[in-house]
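Working through the structure, step by step
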Amino acid sequence: MKYREPTLSDRVSNALFVAVMRLVQRLPYERRIPAAGRMVARLAPVLGFTRKIRENLAIACPDLSEDEIKRLQREMPDNLGRMLAEIYSGEEFVARVRDLPIEGPGAETLEAAHREGRPVVLAAGHFGNYDAWRAALAGRGYRVGAIYRPMNNPLFNEQYVSTISAIAEPLFSRSRRGLGDMIKFLRDGGMVAFGFDQHFSKGAELSFFGLPAFTPLSAAEMALKMKADLVPIYAVRQPDGLSFRIYADKPVPHTDPETMTQTLNDGLEEMILKHMEQWLWIHRRWKGKRK
């Protein structure tokens, strides 16, 4: 994405966001995180989140009760607000998660790859707080990178990238140069995180919640290209609302990109069904392919 001059709307929205974050940061951490969650939950109808959550749940989970829908309309924005406050808390947040154990059948794979200097492709969804596991892996000395799509608002993108870079580096933008740097990093035995749970019109038509969902194959394709382990990873928010469990699922066997990515979809769906409020239900995940 080429840089563009920020519009007046960009400047206003970014200034409001920065002001809110600065206000929240004045609170002690244990009060700051739930306060941010409540704030975003209250703003959810104004931001359009309430409507989008209901629409996506009607598509993916049509049998959900009205009480459960209303719960998710409150608790998903709450999780989003907590996540934003956490990553903008910098070292306070990192100190809470850097020493967390890595659980699950993929933990040994990650440790062995780090020890042997082998590349790993990490498959990550918009679930829980995806910066919590980045900080936990970096805290163990793992070299953890991530690929990201620059945001439309250049002002917000600049300070957001700076904020998440302080949690773990490097970050690679979705650009020709970023892709080249990422491949070099993987060849040198690094670990790179790929998202796979947003609509991608040029992706493969796979299944997600039993419905057609156009899904990027890039994580699986890169794992095959680099002969790297493909490991799904999650940071699951715990009932106290402040702590996390870092879970690395079993590595996805190398077959073909479509089969491997469907395995990722199935694993994420299983995790979402256990913690419905922790997935970002505001994305338009189920859209048609661009003609």
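Above: the structure in question.
Residues numbered from 1 in each chain as written. Predicted model: local features only at pLDDT ≥ 70, side-chain atom pairs only at ≥ 80, totals over all residues. Heavy atoms only, no water.

1. Considerations on the overall build of the chain
As a reminder of what qualifies: Put simply, DSSP marks the helices as runs of H or I at least four residues long and the strands as runs of E at least two long, and each gets a number from the N terminus on. Here the globule rule is a power law, 2.2 Å times the number of residues to the power 0.38, and the radius of gyration is based on C-alpha atoms. A simple rule labels every residue: compare its accessible area, found with a 1.4 Å probe on the protein chains alone, to the largest value its type can have, and call it buried under 20%, exposed over 50%, or partly exposed in between. Each accessible area value is a Shrake-Rupley result obtained with a 1.4 Å probe; residue values ignore everything except the protein chains displayed when judging cover. All tallies of charge rest on Lys and Arg as positive and Asp and Glu as negative; His and the ends of each chain are not included. Charged side chains are reduced to one point each, which is NZ for Lys, CZ for Arg, CG for Asp and CD for Glu.
Secondary structure assignment for the chain yields 11 helices and 9 strands. In terms of C-alpha radius of gyration, the chain reaches 19 Å, essentially the compact-globule figure of 19 Å for 291 residues. Structurally, the chain occupies a C-alpha span of about 45 × 40 × 40 Å along its principal axes. By the burial criterion, 54% of the 291 residues in the chain qualify as buried. For the chain, the computed accessible surface area is about 14,400 Å², with 53% contributed by carbon and sulfur atoms. Side chains of the chain carry 42 positive and 35 negative charges; the gap between the two charge centres is 7 Å.

2. Side note on a nonpolar patch on the surface
This is how the line gets drawn: Like charges within 9 Å and nonpolar side chains (Val, Leu, Ile, Met, Phe, Trp, Tyr) within 5 Å are joined into patches, using only residues over 30% in relative accessible area that form no salt bridge. Salt bridges are defined as contacts in which a side-chain nitrogen from Lys or Arg sits within 4 Å of a carboxyl oxygen from Asp or Glu.
Together, Val20, Met39, Leu43, Val46 and Leu47 line one region of the surface with nonpolar side chains, adding up to about 410 Å² of accessible area. Ranked by residues supplied to the nonpolar patch, first place goes to helix α2 (residues 29-47) with 4 residues. The residue valine 20 is located in helix α1 (residues 8-25) in this model.

3. Some points on the side chain of serine 89
The cut-off we apply is this: Whether two residues are in contact is decided by their heavy atoms: any pair within 4.5 Å suffices.
You can see serine 89 is positioned in the loop between α4 (66-87) and α5 (91-97). A relative accessible area of 8% places serine 89 in the buried class. With near-sequence residues (within four places) excluded, serine 89 lies in contact with Gln25, Tyr29, Arg32 and Ile33.

4. Examining the environment of serine 65
Cut-off, in case you're wondering: Under the rule applied, a polar contact is a pair of N or O atoms within 3.5 Å (in protein, one hydrogen donor and one hydrogen acceptor; residues adjacent in sequence only if both atoms are side-chain atoms).
Inspection of the secondary structure assignment puts serine 65 in the loop between α3 (49-60) and α4. Considered as a pair, serine 65 and aspartate 78 are 13 residues apart in the sequence and their alpha carbons are 20 Å apart. A polar side-chain atom of serine 65 sits 3.1 Å from the main-chain amide nitrogen of glutamate 68.

5. With respect to the pattern of salt bridges
Tallying each qualifying case throughout the model produces 17 salt bridges. Between glutamate 30 and arginine 96 there is a salt bridge, with the nearest N and O atoms lying 2.4 Å from each other. With glutamate 30 in helix α2 and arginine 96 in helix α5, the pair connects residues that are 66 residues apart, well separated along the chain. Assessed through its relative accessible area of 45%, glutamate 30 is described here as partly exposed. With a shortest N-O distance of 2.9 Å, arginine 32 and glutamate 92 are connected by a salt bridge. Placement of the pair is arginine 32 in helix α2 and glutamate 92 in helix α5, with a sequence separation of 60 residues. Residues joined by salt bridges that share partners form a network here, namely Glu68, Arg71, Glu75 and Glu277.

6. Considering the environment of glycine 210
The topology assignment puts glycine 210 in the loop between β6 (204-208) and β7 (211-215). Judged by relative accessible area, which is 62%, glycine 210 ranks as exposed. Residues glycine 210 and alanine 60, spaced 150 residues apart in sequence, show a C-alpha to C-alpha distance of 7.8 Å.

7. A closer look at the packing of α2 against α4
Counted only if it meets this: The axes are straight lines fitted to the C-alpha atoms, using for helices just the contacting stretch, and the angles between their N-to-C directions are given from 0 to 180°. What sets the label is the angle itself: under 35 degrees gives roughly parallel, over 145 gives roughly antiparallel, 65 to 115 gives roughly perpendicular, and the rest give oblique. Crossings are classed by handedness, with left-handed meaning an anticlockwise turn of the near helix from the far one by less than a right angle and right-handed meaning a clockwise turn. In this classification, the charged set is Asp, Glu, Lys and Arg, the nonpolar set is Ala, Val, Leu, Ile, Met, Phe, Trp, Tyr, Cys and Pro, and all remaining amino acids, among them Gly, are polar.
Between α2 and α4, whose axes approach to 7 Å, the crossing angle comes to 135 degrees. On the basis of the axis angle, α2 is oblique to α4. As α2 packs across α4, the resulting crossing turns out to be right-handed. Listed contacts from α4 to Tyr29, Arg32, Ile33, Pro34, Ala36, Gly37, Arg38, Val40, Ala41 and Ala44 of α2 are Gln73, Arg74, Pro77, Asp78, Leu80, Gly81, Arg82, Ala85 and Glu86. Looking at the contact of α2 with α4 residue by residue, the classes come out as 10 nonpolar, 3 polar and 6 charged.

8. Regarding the nonpolar core
Stated formally: We call a set of buried Ala, Val, Leu, Ile, Met, Phe, Trp, Tyr and Cys residues a nonpolar core when their side-chain atoms join them within 4.5 Å.
The biggest cluster of nonpolar side chains holds 92 residues, and the ones touching the most others in it are Leu110, Leu122, Trp133, Leu230, Ile246 and Trp281. Ranked by the residues each element gives to this core, the list is headed by α4, at 8 residues. Each residue touching tryptophan 281, except ones within four places of it in the same chain, is listed here: Lys52, Ile53, Asn56, Leu57, Ala60, Cys61, Met76, Phe209, Ile272, Met276 and Trp286.

Function cannot be inferred from these measures alone, as they are strictly geometric.
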